[in-house]
Amino acid sequence: MRFGVLGPLRAAGQDGEWLRLRGERQRTLLAMLLFHANEQVPAQRLVDALWPDLPPKSYASNLHTYVSRLRERIGPVIDNTAGGYRLDVHREDLDLLVFTERARQGRAAARAGDPVASARHLRAALDQWRGSPVADLHVPALDADVARLESERLAVFEDWVAAELSAGRDGELVGELEAMVAEHPLRERLTALLMVALHRSGRRADALAAYRATRATLVEQTGIEPGAELRGVQTDVLRGDTGAPAAEPDWPIWQLPADVADFSGRDREVDELVAVFGHAPLVVLSGEPGVGKSTLAVRVAHRLRARFPDGQLYAHLAGATRPQAVDAVLTDLLRSLGVTGPAIPDDLQAKAAVFRARLADRRVLVVLDDAADPAQVRPLLPGTPASAVLVTSRRRLSGLVGAHRATVEPFTDAEAGRLLERIAGERVAGQPADAARIVAACGNLPLALRIAGTRLALRPQLRVGTLADRLEDELRRLDELTVSDLQVRSSIALSCRALTPAAGDTFRLIGLVDLQDLPAWAIEMLRPDADGAVEELVESSLLQPAGVDGTGEPRYRTHDLVRAYARELALRPEGLAARRAVSDRFVEVVLALVDTAARRLPRVAPMPDLRERAPHSPLPGDTERRLLADPDAWFATERPVLVQGIGVLCRVRQYRAAWLIFERFARHLWLHGHYGDLRTCARTLAEATDASVAVRAESVLALLLHVRGRYAEAVESYRRCAERMAGLGDRQALAWVRTNLANCLIGLGEPEESLRLVASAEELFAALPADDLGAASVPRTRSAALNRLGRLAESVRIDTAAVAQARAAGTSRRVAPALQSLSWSLALTGALDAAADAAREAVSLLRSTTSRSALARGLRTLGAIHAGRGERGLAVAAFEESRAIAREINELPRVLSGTRAIAASWVGEGRAAEAVPELRRCVVQYRQMGSLSSATVTLRLLAAAHDALDEPEAALAARAEAETLADPRDANAQTLYGLLLNLTRPDRVADLPCVSATQPGGAT
């Protein structure tokens, strides 16, 4: 059977004849099953579709009858499933499935850079359509699916046009595009594609006319200007310019590992590769494991430093063992380039685009070490030829088009002999025959040679001939040294057999911990008196020195292959129980350190307090004091390791230990706005089989949605967490989730529910052990909700009491937020002088802390109060500083509030034309966040900007839209508008104090 839903409903037999299906309900049933082909459709959903008003009492038997009759017509392709039915159909026998698959293939071809294939697939997808989906039926249950398909059809059409344009077929598209633009006049991408086609066809004037027509329609029907894409095409047609560059990080950035001190040989290869970078922006070094690709790449990169003055980025891709996800690698590189927290997109392609934008027109060398395949490399390539990339891999990576490839061969005999002599000493030169046997047994492979030389260097009594005999014996059993991937593994095994018992035990313990980067104290913890063992491992190239960290600790790294082999040894049954005991003790030490460090940090994160005390650290007291002399700096040093370690603990299902480390680590991460690391850890923990750990981790993810301004999603997540926490009896976490949910609901304009939740949270906090931060958060949230309801006297009373209580506690971190809340409540009452005093004190206290988020909020409040007092310069300075901080820590709500106020000040400076698009963008983002109150304020300021431009119709439209969103009880929005409105007045007027919008005669 063949079926069609992309047009009137159709069903055809093997002979190609269309079947006549009688009866509205039989056809509705078939349509429902086809729209969800190869999926179970619940019986209740079918009943709702067949009888949208009121099903008959015998609906179950009626449904069964309809299914049976339909089977008689189309064959036994409908299966009964638990609670529903499923229609099984091959992809090529249903036009909807063909459309979906060909569209997917077309988009995949576009991503792969093949526009011709992309256009072919997308055209085939569009050819499946015969009209509107199930045009001869009205099935309310399918309305959403039909609308989605129509939208997807339009998107596929746009993608097809884009592919055709990329393939150079321009002129023949114009007619079809003009018809589609006429049908969808508000679809900006269609107009953009039409303009490109017209422009390439030599019809520049027509292209600009299309832009003007679409802009006029947008402004008339929606009140908004065209978006960035359409404006960009207009700019291309006019001048060919691109957009303004993104903010740049501090350059240069140097990330290369240290050059190997005893580097030997490779002079010719180094010179050739340095020369290649004069004309090839992408170089791939490939070769067998242990051949020295990474060492050679680092040496070449150091030689190239002068050619790339903006820096050298380095990423280890771990392709030989557990390949790093490209997404995670891009996240790390973006952090290095100054992009952090919520500013890092979730989508891989978006991250790659940001990475390319950051490197645009810069001269940077990117070193990608140990790549797994071309797919792991492509998203990491810069988009401009000024930068270059040096890749190492076991594979040739033939899929990387345009790359210059160099195969790294084993050493020549002379080079191998020199390396062995350099490591082992002069006695090798005195026994050339035995040395040659060692070189031959090692296959001239640098890692194997280093192992052999280390044996000789560490054991002076070992004769060169004796070692040669041993190597030959072992290579007869491990005859893979010069062939495949097991070569390096065999070399590592050979090295490990040469270790003393102490070094071997240390090596296995490092493998069991499974961390790439370890400080010296950690290795000492794993095995006391490990100095000699560490030195032996370093000399055997099984452990690499990685410099000294900020606490003065030497650090060591293990190569992924070496660590993988060490872990394999560690998990062997012999002695495993004892090694696990040591590993568990190590976890306890880490937990003790993070606990001590966290308790010394200021508590500012809106999360539960630390209740459970960590075990006592067995580290020597002087070591612990040195490490934690500056707990914040220690956290900063160990941050990547802690993130990795939490993931390791989750992989071995030690969820409780992972959570205890994370909730302490979170104090540091929140304090500095490291939201990306918070999200990484919380996502991992949210997969825990321990329900209490999983739900607490999910509550952190909800908090991160909240701080990024994704209020609606955050509220939904908070509610799920609250329900689960109540079921688990986790009252401490529940109190905080309800407090955070209450705070989030204020942003969504739900102050009544916020007050109910605050009262519930307050009861929970009262029944729990003292939680000063929680107790302080409750009145601030209650005050904010009351302000939204216009109950200003209550807010002032609550905030005044909170300030008094905070002063009694004597901590600036408690006093400052209370003062900030009080200052805003006072401002809402019109007491701007008293509000200014409180806001200035709050900001002054916060400047002495590291709480950047709180400082941004305090400056925002102070800026609004300055605006109300007619102090334009002070107001703008406060808002600019607030916005700068918010951008650093990627808190969108604060960025928007600063941008809005600064744009309002432009109106007063005679720059209203510049202010209008900024304010429009703010409105769009506030609506996306669900913050209608903020959107209302912004729309009213937008109206003032239009007034300044003598655009009465646009001003009237903005005010009308604001009125549809406004809550008349919201004193917060009314007063904020009145304060910011003062910024829109010319300087001679703005110098006068404003009249609050809540007072008679004030702006409304």
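Above this note sits the structure.
Now for a look at the structure at hand.

Rules used in this analysis
Residues numbered from 1 in each chain as written. Predicted model: local features only at pLDDT ≥ 70, side-chain atom pairs only at ≥ 80, totals over all residues. Heavy atoms only, no water. Helix = DSSP H or I, 4+ residues; strand = E, 2+ residues; numbered from the N terminus. Contact = heavy atoms within 4.5 Å. Core = buried A, V, L, I, M, F, W, Y, C linked by side-chain atoms within 4.5 Å. Buried < 20%, exposed > 50% of the residue type's maximum accessible area, 1.4 Å probe, protein only. Phe/Tyr/Trp six-rings, centres within 6.5 Å; stacked < 30°, edge-to-face > 60°. Lys NZ or Arg CZ within 6 Å of the ring centre and 35° of its normal. Expected span 1.5 Å × (residues − 1). Pairing = 2+ DSSP bridges. Axes fitted to C-alpha atoms, helices over the stretch in contact; angles between N-to-C directions.

In this structure, L518 sits in strand β12 (residues 517-519). Sequence separation between L518 and Y556 is 38 residues, and the spatial gap between their C-alpha atoms is 5.4 Å. With residues near it in sequence (within four places) discarded, L518 still touches I510, V513, I523, P554, R555, Y556 and F586.

Now for the nonpolar core. In this structure, W521, F586 and F662 are the most contacted members of the largest nonpolar core, which totals 173 residues. Among the elements that make up this core, the one with the highest residue count is helix α28 (residues 655-671) (11 residues). The residues contacting W521, other than those within four sequence positions of it, are E553, F586, V589, V590, L593, L619, T623, L627, W634 and E638. Counting residues in hydrophobic clusters, the runner-up holds 70 residues, among them A49, Y66, L154 and F157.

In this structure the tally under the stated criterion is nine aromatic pairs. Taken together, a centroid distance of 5.9 Å and an interplanar angle of 25° make the contact between F635 and F665 stacked. Of this pair, F635 sits in helix α27 (residues 631-651) while F665 sits in helix α28, placing them 30 residues apart in sequence. Here F635 and F665 have matching classes, each one buried. The lysine or arginine in question, R123, covers the ring of W160, its NZ or CZ lying 4.7 Å from the ring centre. Against the face of W254 rests R305, its NZ or CZ located 3.8 Å from the ring centre.

With 12 residues, helix α5 (residues 115-126) ought to run about 16 Å at 1.5 Å a step, and its terminal C-alpha atoms sit 16 Å apart, in line with that. Residues of α5 that are buried include every one of A117, S118, A119, H121, L122, A124, A125 and L126, and no others. Next to the buried residues of α5 lie α4 (95-111) and α6 (143-166).

What follows covers the sheet that holds strand β4 (residues 78-81). One open sheet accounts for three strands, arranged β3-β5-β4; its pairing is antiparallel. Both outer strands of the open sheet, β3 (41-42) and β4, are each paired with one neighbouring strand and no more. In this sheet, strand β5 (residues 84-87) lies alongside β3 in antiparallel orientation, the contact comprising two bridges. Each bridged residue has a counterpart across the sheet, and for V41 the counterpart in β5 is Y85. Where helix α1 (residues 24-35) meets the sheet, its contacts fall on β3, β4 and β5, and the angle it forms with β5 comes to roughly 75°. Sheet strands in contact with helix α3 (residues 59-74) are β4 and β5, and its direction is about 150° off that of β4.

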